[in-house]
Amino acid sequence: MSKPGTLYQREAMQFFDELAAADPGNKKCVDCGAHNPIWASLSYGSYFCLECSGIHRSLGVHISFVRSLNMDSWSPEQQTKMRLGGNTAFATHMQRCGMPASMRGLECIRDKYHSASAAAYREYHGARCRGDPCPERHGGQRGGQRVRGEPVLRADKSDPAVP
């Protein structure tokens, strides 16, 4: 039996259409730019296409917890993760961390999501969704590479991911 407030199929798609209207970035795959993505990562609150979803699933749930927008049910907690996320917030974070614009497409997904920048956003997004104090987001000042001792990037009020 589903929890009260769980969305499925048509209701779920209506919910995601509303989120896409609020953030037009959600209408394109966050990784390759394909139109009308039908998969999402709860870990980042981001949306991607069928082709990119295969790579996300292979990363493991500890990196990217993947759901289908129209085939899976969406609990109230999962809806919150998507409501507080969005492709624009994630892409803005990665850009501010120095992730090169060339880090797009299928061949870059593994490197992108194994970067310190993606890990910092994943932690930040998770804490925000749980209502915990948000950790400082550590940036990938070296193109999103895994680097120890990276400088802290403090979010500012212009950041769409900061309430």
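Above this note sits the structure.
Keep in mind that this is a model prediction, so the values were computed, not measured.

What am I meant to see in the layout of surface pockets here?
By rolling a water-sized probe across the atoms, one finds the places where empty space is left. Considering only enclosed or pocket space, the largest pocket measures out at about 240 Å³ in volume. Along its surface, the largest pocket is lined by Val30, Phe90, Ala91, Met94, Gln95, Met99, Pro100, Ala101, Met103, Arg104 and Lys112. Here the element with the most residues in the lining of the largest pocket is helix H4 (residues 87–96); it accounts for four residues. Taken as a whole, the second largest pocket encloses approximately 160 Å³ of empty space. Taken together, Met13, Phe16, Asp17, Ala20, Asn26, Lys27, Asn36, Pro37, Ile38, Tyr47 and Leu69 make up the full set of residues lining the second largest pocket. A per-element tally of the lining of the second largest pocket places helix H1 (residues 10–22) first, with four residues. Residues of the lining of the second largest pocket, tallied by class, amount to seven nonpolar, two polar and two charged.

Would you explain the pattern of salt bridges in this entry?
Between side chains of opposite charge, a pair can form when the charged atoms approach closely. Applying the stated criterion to the full structure yields two salt bridges. Here aspartate 31 makes a salt bridge to lysine 112, at a shortest N to O gap of 3.0 Å. Taken as a pair, aspartate 31 in the loop between H1 and strand E1 (39–41) and lysine 112 in helix H5 (residues 109–113) lie far apart in primary sequence, 81 residues in all. Each member of the pair, aspartate 31 together with lysine 112, is buried. A salt bridge links arginine 130 to aspartate 132, with the shortest nitrogen-to-oxygen separation between them at 2.8 Å. With relative accessibility at 57%, the residue arginine 130 sits in the exposed group. For aspartate 132, a relative accessible area of 34% gives the class partly exposed.

When you look at the sheet that holds strand E3 (residues 66–68) in this model, what are you seeing that I'm missing?
The strands making up a sheet are joined through hydrogen bonds of the backbone, oriented either antiparallel or parallel. Taken in spatial order, the three strands of this open sheet run E2-E1-E3, and their pairing is antiparallel. The open sheet has two edge strands, strand E2 (46–48) and E3, and neither has a second partner. The sheet shows a mean angle of 30 degrees between the axes of neighbouring strands, direction not considered. Looking at chain direction, E1 and E2 are connected through three bridges and run antiparallel. Its bridge partner lying in E2, alanine 40 is registered against tyrosine 47.

Teacher, can you tell me more about the environment of asparagine 26 here?
Along the chain, asparagine 26 turns up in the loop between H1 and E1. On the basis of relative accessible area, asparagine 26 is assigned to the buried category, the value being 7%. Taking the C-alpha atoms as reference points, asparagine 26 and tyrosine 47, 21 residues apart in sequence, are found 6.1 Å from one another. The residues contacting asparagine 26, other than those within four sequence positions of it, are Leu19, Ala20, Pro37, Tyr47, Gly86 and Asn87.

Parameters at a glance
Residues numbered from 1 in each chain as written. Predicted model: local features only at pLDDT ≥ 70, side-chain atom pairs only at ≥ 80, totals over all residues. Heavy atoms only, no water. 1 Å grid on protein atoms, 1.4 Å probe; cavity = no way out; pocket = protein on both sides within 12 Å on 5 of 7 lines; lining within 4 Å. Points joined across faces, edges and corners; volume = space filled by probe spheres on them. Helix = DSSP H or I, 4+ residues; strand = E, 2+ residues; numbered from the N terminus. Nonpolar A, V, L, I, M, F, W, Y, C, P; charged D, E, K, R; others polar. Salt bridge = Lys/Arg side-chain N within 4 Å of Asp/Glu carboxyl O. Buried < 20%, exposed > 50% of the residue type's maximum accessible area, 1.4 Å probe, protein only. Pairing = 2+ DSSP bridges. Axes fitted to C-alpha atoms, helices over the stretch in contact; angles between N-to-C directions. Contact = heavy atoms within 4.5 Å.

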